[in-house]
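Next come the chains, spelled out residue by residue.
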Amino acid sequence: RRGHERYIAVEMCQTVNAHWGVGTLDFAHKSPGRLIEFLVKCRSAGANYLLNVGPTGAGAIPALESELFRSVGKWIKVHSEAVYDAKPLPIKCQGRDSIVSSGDKYYYFVHNLSSSGDANVTVSTGGKGPRSCKGLNRPIKRVTWLDNGEELTFAQNVEAGLATIDFTWYPYGVDLVVRVAEISF
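Let me begin by describing the structure that accompanies this report. Quick caveat, the model's predicted, so the values are computed rather than measured. (Residues numbered from 1 in each chain as written. Predicted model: local features only at pLDDT ≥ 70, side-chain atom pairs only at ≥ 80, totals over all residues. Heavy atoms only, no water.)

### A word on the sheet that holds strand 9 (residues 151-157)
In a beta sheet, neighbouring strands are held together by backbone hydrogen bonds and run either parallel or antiparallel to one another. Cut-off, in case you're wondering: When DSSP finds two or more bridges between two strands, those strands count as paired. In this description a helix means any DSSP run of H or I spanning at least four residues, a strand means any run of E spanning at least two, and both kinds are numbered starting from the N terminus. Two residues qualify as a contact provided that any one of their heavy atoms is within 4.5 Å of a heavy atom in the partner residue. Fitting a line to C-alpha atoms yields each axis, with helices limited to the stretch in contact; the angle taken between N-to-C directions then spans 0 to 180 degrees.
The strand order across the open sheet formed by nine strands is 3-5-6-11-8-9-10-7-4, and the pairing between neighbours is antiparallel. With one partner strand each, in any of the chains shown, strand 3 (87-88) and strand 4 (92-93) form the two edges of the open sheet. In the sheet, strand 7 (residues 129-134) pairs with strand 10 (residues 162-167) via six bridges, with the strands oriented antiparallel. Opposite Lys134, over in strand 10, you have Leu162 as the bridge partner. Sitting on the sheet, helix 2 (residues 63-83) touches strand 5 (98-102), strand 6 (105-111) and strand 11 (178-184), and the angle it makes with strand 11 is about 30°.

See below:
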């Protein structure tokens, strides 16, 4: 394979709790949000995410673990374009944010957003607003949230490889843990 770009297969193995077997009185499981964050981290690095669950003696998946997988599955269904077949990119983003590519589009994983709403009924966990990245050398035509299609404003200096996207809050009552924006060229 001399002269070809080298691809390294990577996989992160984890359990939904703190051990590799079934625990009938184990309530210390990872939350759906935590599992989504780990999944995004894996996809941003080009890694597969192997998540272990201990089946019962009869081979069934316990109810709590089944619900965890269903919850993460709902997130994946909304963001499947950014999860399946996505490849990591050498683009530097702020904080834990990252960008992957799939086909002819890029997907920006945005962490730590907060909900919109009155300060008396919402708790701020992060922030909306502009976030910059370096290494994005393709001219952007459009940026939209995958979950609702809302178009986002952006500024870009293609020659310098810099882009800034103004990310909006979640609508009230929504928190996807990691929100995904589609970048079209």
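### Looking at the pattern of salt bridges
Put simply, the test is: Between Lys or Arg on one side and Asp or Glu on the other, a salt bridge is scored when a side-chain nitrogen of the former is within 4 Å of a carboxyl oxygen of the latter. Three exposure classes are used, based on accessible area relative to the maximum for each residue type with a 1.4 Å probe and protein chains only: buried under 20%, partly exposed in between, and exposed over 50%.
Using the criterion set out here, one finds seven salt bridges in the structure. Between Arg96 and Glu37 there is a salt bridge, with its nearest N and O atoms 3.5 Å apart. Residue Arg96 is located in the loop between strand 4 and strand 5, and its partner Glu37 is located in helix 1 (residues 32-44); the two are separated by 59 residues in the primary sequence. The exposure class of Glu37 is buried, given its relative accessible area of 17%. Between Arg142 and Glu151 there is a salt bridge whose closest N-O contact spans 3.8 Å.

### With respect to unusual backbone geometry
The phi torsion of most residues other than glycine is negative, and most of the peptide bonds are trans. Despite not being glycine, Asp85 has its phi angle at roughly 65°, a positive value. Relative to the elements of secondary structure, Asp85 occurs in the loop between helix 2 and strand 3. On the basis of relative accessible area, Asp85 is assigned to the exposed category, the value being 60%. The phi dihedral of Asn112 is positive, around 60°, even though this residue is not glycine. On the secondary structure map, Asn112 appears in the loop between strand 6 and strand 7.

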